[in-house]
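Here's the letter readout for the chains.
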Amino acid sequence: MPSIKMTVNGKEVSGEVEGRTLLVQFIRDHLGLTGTHVGCDTSQCGACTVHVNGRAVKSCSLLAAHADGADVQTIEGLADGDTLHPMQEAFRQHHALQCGFCTPGMVMSAIGIVNDNPEPSETEIREALEGNICRCTGYHNIVEAIGAAAKEMKA
Amino acid sequence: MYDFEYQRATSVEDATAKYGAAEDARFLAGGMTLVPVLKQRLDQPSDVVDLGDLDDMRGISEEGGAIVIKAMTTHHDVNTSDLVNNKIPALAALAGTIGDQMVRNRGTIGGSLANNDPAASYPSAVLALNATIKTNAREISADDFFTGMFDTALDEGELILAVSFPIPEESGYKHFPNPASRFPIVGSFVAKSSDGVRVAITGAGPCAFRVTEFEDALSGGFDPDAIRDIKVSDDGLNTDIHASAEYRAHLINVMTRRAMGE
Ligand SMILES: Cc1cc2nc3c(=O)[nH]c(=O)nc-3n(C[C@H](O)[C@H](O)[C@H](O)COP(=O)(O)OP(=O)(O)OC[C@H]3O[C@@H](n4cnc5c(N)ncnc54)[C@H](O)[C@@H]3O)c2cc1C
Ligand code: FES
Ligand code: FES
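Just so you know, these numbers come straight off a predicted model, no measurement behind them.

Asker: Would you mind going over the site of ligand 1 with me for this structure?
Answerer: The immediate surroundings of ligand 1 are formed by 30 residues, with F27(B), G31(B), L34(B), T108(B) and S121(B) found nearest. Two or more chains meet at ligand 1, and those chains are chains A and B. Between ligand 1 and T108(B) there is a distance of 2.6 Å, counted from an oxygen atom to a side-chain nitrogen or oxygen. Isolated, ligand 1 exposes 970 Å² of accessible area, and the fraction of that covered by the protein chains is 93%. When contributions to the shell around ligand 1 are tallied by element, the ones reaching two or more residues are β2 (25-28) and α7 (109-115) of chain B. Grouping the amino acids of the shell around ligand 1 by side-chain chemistry returns 15 nonpolar, 12 polar and three charged.

Asker: Even after reading the chapter, I still don't get the packing of helix α2 (residues 86-93) of chain A against helix α3 (residues 103-116) of chain A, so can you show me in this structure?
Answerer: Each pair of packed helices gets described by two things: the angle between the helix axes and the distance between those axes. All names here are of chain A. Where α2 meets α3, the closest approach of the two axes is 10 Å, and the angle between their N-to-C directions is 120°. Viewed along their axes, α2 and α3 adopt a mutual orientation that is oblique. Of the two elements, α2 crosses α3, and the hand of that crossing is right-handed. Seen from α2, the contacting residues are M87, Q88 and F91; seen from α3, they are T103, M106, V107, A110, I111 and V114. Tallied by class, the residues present in the contact of α2 with α3 amount to seven nonpolar, two polar and no charged.

Asker: Please clarify how the sheet that holds strand β5 (residues 71-73) of chain A should be interpreted in this entry.
Answerer: Residues and elements named next belong to chain A. The strand order across the open sheet formed by five strands is β2-β1-β5-β3-β4, and the pairing between neighbours is mixed. The open sheet has two edge strands, β2 (11-16) and β4 (55-58), and neither has a second partner. With direction set aside, neighbouring strand axes in the sheet form an average angle of 40°. Across the sheet, helix α1 (residues 23-30) lies against β1 (3-8), β2, β3 (49-52) and β5, angled at about 100° from β2, the strand it touches most. Sheet strands in contact with α3 are β3, β4 and β5, and its direction is about 45° off that of β3.

Parameters at a glance
Residues numbered from 1 in each chain as written. Chains lettered and ligands numbered in written order. Predicted model: local features only at pLDDT ≥ 70, side-chain atom pairs only at ≥ 80, totals over all residues. Heavy atoms only, no water. Near = heavy atom within 4 Å. Polar contact = N/O pair within 3.5 Å; in protein donor to acceptor, adjacent residues only side chain to side chain. Areas by Shrake-Rupley, 256 points an atom, 1.4 Å probe, with all protein chains shown as cover. Helix = DSSP H or I, 4+ residues; strand = E, 2+ residues; numbered from the N terminus. Nonpolar A, V, L, I, M, F, W, Y, C, P; charged D, E, K, R; others polar. Axes fitted to C-alpha atoms, helices over the stretch in contact; angles between N-to-C directions. Parallel < 35°, antiparallel > 145°, perpendicular 65-115°, else oblique. Left-handed = near helix turned anticlockwise from the far one by under 90°. Contact = heavy atoms within 4.5 Å. Pairing = 2+ DSSP bridges.

Structure below.
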């Protein structure tokens, strides 16, 4: 059984996993960080998106053992105390969620989009959201929120 | 997913040694194909040998008129590479059409070629640009590499190290994406070099293939009009719920003309 160590939201964590344990299982079941969701479990929906070494990835499609030694950020690591991350705040202000199931993945993915492209156009945001599925909102307010947050994050 | 022994390679030699010592191993690159396959229990390896630490298998360089992309380079890194965008912009653009942001952050060119999905995007570029696949054992030309559906010329345990793409005078890529998965239903890569024109298609058949009728017609003049009236046969093309063989044959012509800027 591989024993693994990684930094999650700035904290050192460790655990024993099986070879087949997925990163999302480690995050949810071992660390109890249930903000990261599993929507499809088939690499399609993006609900499980977290950042590994600064890049957005689908944690349902990564082995936990592969992330040994990595720096992982989940939705729980974004806010600074009671102050939401600008992307979370923009989702709130723009009503970019309904049931909220896709939201953690959307927010993590959205931050990845803005990190790569600090001034995305509406079309670029829509294209970059390819890997995230939302069954409620119709995406419109999500796209608005990301555009607004991009401006905020630049400021 | 069935369990397996997880091993992490420390060098290319270590990777092939670990592979060789195991009963039935698989290499793990980005895992964007292998992990979903394991989760569906479509495969049951005894060992998974992770190539993730092999930094010397990552990177892009220019060597004697060619762009060399090492096997573990991600689709994102190809898409955003200044060198690739300068020298073979169509290849950079192709990498940017693969899957989504998260898939491109993980998936690698080596994994894509080794897997040889009938709808994989890269094989069209490898074939049209007449690339060479460098492995730990030998060099394989693009024309010899893709041998069938999910099948390549790679031997058991042979590791792709890099792909060398000769820089063309001109090239273009266009695909018609599946509306759900966004994989190409048909993709066409066209490349013009001093040796002539090569046209390679992905998504339409069991694996990527060249269209010599188009290549001959375009050698006389690099103009989409030269192929407009050429009907590609639908013999042996894929039919599935997304598109019939006949429709794919039609798309081959349309996507090739669009790849040329029409
Ligand atoms: C939602 C989604 C959408 C996608 N859309 C597209 C698309 O539009 N177009 C497209 O082309 N692909 C698409 N893909 C597939 C993606 O490009 C994969 O990244 C790629 O096919 C496999 O690369 P990998 O690095 O993830 O390989 P892995 O999954 O790690 O490995 C795949 C296979 O290759 C072998 N292998 C890996 N590296 C090597 C090597 N260096 N030498 C020898 N064998 C090796 C492995 O053993 C395994 O059998 C998509 C995937 C997903 C999940
Ligand atoms: S749960 Fe990971 S992509 Fe849907
Ligand atoms: S808000 Fe319900 S799935 Fe997106």
